[in-house]
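# Fold and contact review
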Amino acid sequence: MSQTWSSSGSQSSASATSSQEEGNSTLTNFDTIVADETGSIKLVLWENTIEKIETGKSYHIESCKICVFDDCKYVNTNEDTKITEIEEITNFMLDTPDLQDNLITGECVGVDMKKSSSCIFCNKTLEGLDLTAKIIKCPNCKITMLKSSIKTKLVCQLLMQVDNQIQVYTAFNDAIMPSFCCNIGDKKIEDMEDEELTLALLNAGSQTILADNPAKTICHSSCQRPSQT
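Residues numbered from 1 in each chain as written. Predicted model: local features only at pLDDT ≥ 70, side-chain atom pairs only at ≥ 80, totals over all residues. Heavy atoms only, no water.

- Looking at an unreviewed UniProt entry, one finds the protein chain named ATP-dependent DNA helicase PIF1 and attributed to Paramuricea clavata.

## Topic: the overall build of the protein chain
- Tallying secondary structure elements over the protein chain gives three helices and 15 strands in all.
- Classification of the 229 residues of the protein chain by burial places 40% in the buried group.
- The long-range share in the protein chain, meaning contacts at least 24 apart out of those at least 6 apart in sequence, stands at 58%. (Helix = DSSP H or I, 4+ residues; strand = E, 2+ residues; numbered from the N terminus. Buried < 20%, exposed > 50% of the residue type's maximum accessible area, 1.4 Å probe, protein only. Contact = heavy atoms within 4.5 Å.)

## Considering the environment of I176
- Mapped onto the fold, I176 is located in helix α2 (residues 173-176).
- Taking C-alpha positions, I176 is 9.6 Å from V155, a pair spaced 21 residues apart along the chain.

## Observations regarding the packing of aromatic side chains
- Here the structure, examined in full by the defined rule, presents zero aromatic pairs.
- Note that K42 overlies the ring of Y74, its terminal NZ or CZ placed 5.1 Å from the centroid. (Phe/Tyr/Trp six-rings, centres within 6.5 Å; stacked < 30°, edge-to-face > 60°. Lys NZ or Arg CZ within 6 Å of the ring centre and 35° of its normal.)

## A closer look at a nonpolar patch on the surface
- Taken together, the side chains of V109, L159, I166 and V168 present a nonpolar region at the surface, about 310 Å² in accessible area.
- Assignment of secondary structure puts V109 in strand β9 (residues 103-118). (Patch = residues over 30% accessible without salt bridge, like charges linked within 9 Å, V, L, I, M, F, W, Y side chains within 5 Å. Areas by Shrake-Rupley, 256 points an atom, 1.4 Å probe, with all protein chains shown as cover. Salt bridge = Lys/Arg side-chain N within 4 Å of Asp/Glu carboxyl O.)

## Topic: the state of the cysteines
- Tallied over the full model, the rule gives zero disulfides.
- Looking at the unpaired C108, the closest cysteine sulfur is the one in C156, lying at 8.1 Å.
- Accessibility expressed as a relative area gives 2% for C108, which makes it buried. (Disulfide = S-S within 2.5 Å.)

## Concerning the nonpolar core
- Counting residues in hydrophobic clusters, the biggest one holds 17 residues, and the most contacted among them are C156, L158 and M160.
- Mapped onto this core, the elements with two or more residues apiece are β9, β12 (151-162), β13 (165-172), α3 (194-202) and β14 (206-212).
- Examining the composition of this core, we find that five residues originate from one element, β12, more than from any other.
- Judged by nonpolar contacts, the second largest core, of 12 residues, contains L45, I50, I61 and I83. (Core = buried A, V, L, I, M, F, W, Y, C linked by side-chain atoms within 4.5 Å.)

## A closer look at the environment of N213
- Examined against the element boundaries, N213 turns out to sit in the loop between β14 and β15 (217-221).
- Given the relative accessible area of 23%, N213 is considered partly exposed.
- Once the C-alpha coordinates of N213 and L103 are considered, the two residues, 110 residues apart in sequence, prove to be 9.0 Å apart.
- Setting aside residues up to four positions removed in sequence, N213 forms contacts with D101, N102, I104 and Y169.

## Concerning unusual backbone geometry
- Although it is not a glycine, D163 adopts a positive phi angle of roughly 50 degrees.
- One can find D163 in the loop between β12 and β13.
- Residue class for D163 comes out exposed when judged on its relative accessible area of 67%.
- Non-glycine residue N164 carries a positive phi angle of around 65 degrees.
- Topologically, N164 is positioned in the loop between β12 and β13.
- With relative accessibility at 74%, the residue N164 sits in the exposed group.

Listed below in structure tokens is the structure:
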């Protein structure tokens, strides 16, 4: 199976991440939602495909299978799946039940933010290390990397005002940058001071958000503000 989709979920934050025992190893999968002009469907990412999908980007996905569980269809990746980033798909459907049930409109009115450095391979937080050194060795996976290649992991607890109620959602890097921080230009999270990033979140205004409501996690949000009538 070969298909072109826009990713509406987040490999670092959306839906459910789980592990499955297979022999002597543990396999990790991640559920997200993808959409195109015909509709949307759940996509299950396994192992090395998880890091290849980012929220809000568009991809051509090859060699995956349609599966059915409890009368619900979903797309399952495998070791032969190929994922290629393509130009942005702009005409994907937002009015499918999968997406509509998780779309909310709200404004960020409070922030509790935590930034940390993480390994480029296992994504574990690098704690207790001398991050001023030229090379860093991850204590978890033992991979040695250049300091310049270390990732900045951002976890935010956002107080969102939704329908005159305050609700708390968790957001990660790729759920924040495309939308809440769409007015910061080409700046990267790691180059921004905490105060500057906090102000960007609080001044973002009303946002249309795709959220995993049971987990209270923001998957993706649009940089377009709702029209005023």
